[in-house]
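Working through the structure, step by step
The lines below spell out each chain.
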Amino acid sequence: MAFDPTKVTIHDKSYSESDEGDYDSYTIHVLQHDGEEFLRIRSRESSNIGGAWGSEHKILEMDGEKCIVQNFKVSGTVSSRGRNSEANGSPVVYDLKTEWEKFMKKKKEKK
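This section reports on the structure supplied with the text.

The rules behind each value
- Residues numbered from 1 in each chain as written.
- Predicted model: local features only at pLDDT ≥ 70, side-chain atom pairs only at ≥ 80, totals over all residues.
- Heavy atoms only, no water.
- Pairing = 2+ DSSP bridges.
- Helix = DSSP H or I, 4+ residues; strand = E, 2+ residues; numbered from the N terminus.
- Core = buried A, V, L, I, M, F, W, Y, C linked by side-chain atoms within 4.5 Å.
- Buried < 20%, exposed > 50% of the residue type's maximum accessible area, 1.4 Å probe, protein only.
- Contact = heavy atoms within 4.5 Å.
- Phe/Tyr/Trp six-rings, centres within 6.5 Å; stacked < 30°, edge-to-face > 60°.
- Lys NZ or Arg CZ within 6 Å of the ring centre and 35° of its normal.

Our focus in this paragraph is the pairing of strand E5 (residues 51-62). Pairing of strand E4 (residues 36-48) with E5 involves four bridges; the strand directions are antiparallel. Looking at the pairing, Ser47 lines up with Ala52 of E5. Two strands pair when backbone bridges link them, and E5 and strand E6 (residues 66-76) are joined in this way by ten bridges, in the antiparallel orientation. Within E6, the position partnered with Ala52 by the bridge is Gly76.

Core analysis: the largest hydrophobic core is formed by ten residues, namely Phe3, Val8, Leu31, Phe38, Leu39, Ile41, Cys67, Val69, Leu96 and Trp100. Discounting chain neighbours no more than four positions away, the residues touching Leu39 are His29, Val30, Leu31, Tyr94, Leu96 and Glu99.

On to the environment of Thr6. Structurally, the position occupied by Thr6 is in the segment before strand E1 (8-12). Taking relative accessible area as the criterion, Thr6 reaches 68% and is therefore assigned exposed. In sequence terms Thr6 and Gly21 are 15 residues apart; their C-alpha atoms lie 44 Å from each other.

Looking now at the environment of Val8. Tracing the chain through its elements places Val8 in strand E1. With near-sequence residues (within four places) excluded, Val8 lies in contact with Phe3, Leu31, Gln32, His33, Phe38, Met62, Gly64 and Leu96.

Tallied over the entire structure, the rule returns two aromatic pairs. An angle of 50 degrees between the planes, with centres 5.6 Å apart, marks the rings of Phe3 and Trp100 as tilted. One end of the pair, Phe3, is in the segment before E1; the other, Trp100, is in helix H1 (residues 96-110), with 97 residues separating them in the sequence. For the pair formed by Phe3 and Trp100, the shared burial category is buried. With a centroid separation of 4.7 Å and 20 degrees between ring planes, the pair formed by Tyr15 and Tyr26 is classed as stacked. Of this pair, Tyr15 sits in strand E2 (residues 15-19) while Tyr26 sits in strand E3 (residues 22-33), and the two are eleven residues apart along the sequence. Classification of Tyr26 by relative accessible area gives buried; the value is 17%. One cation-aromatic arrangement involves Lys58 over Phe72; the distance from NZ or CZ to the ring centre is 5.1 Å.

Structure representation (structure tokens):
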């Protein structure tokens, strides 16, 4: 099967959970080619009464050929008035054909 950018879809599988004052948020984007997952982009942030920490990401663009992701550092304390989020470096550009080819190579090696 050849890579076809028109068969790439992105799915948001993000979720959060709360437990006794702690709050965790998981940002997860799954990219599929013709229904088969080939790339998973994840980040996690947490917070409680003491502050916030971790990372999050946002998909800036996904056109089937590339996916551009901006990562953010999450921080904050009660004294800083809560949660802050600042860009962590330049956006990451995933070449989806290359990512799919790496996935297919690993899949073939497992057989």
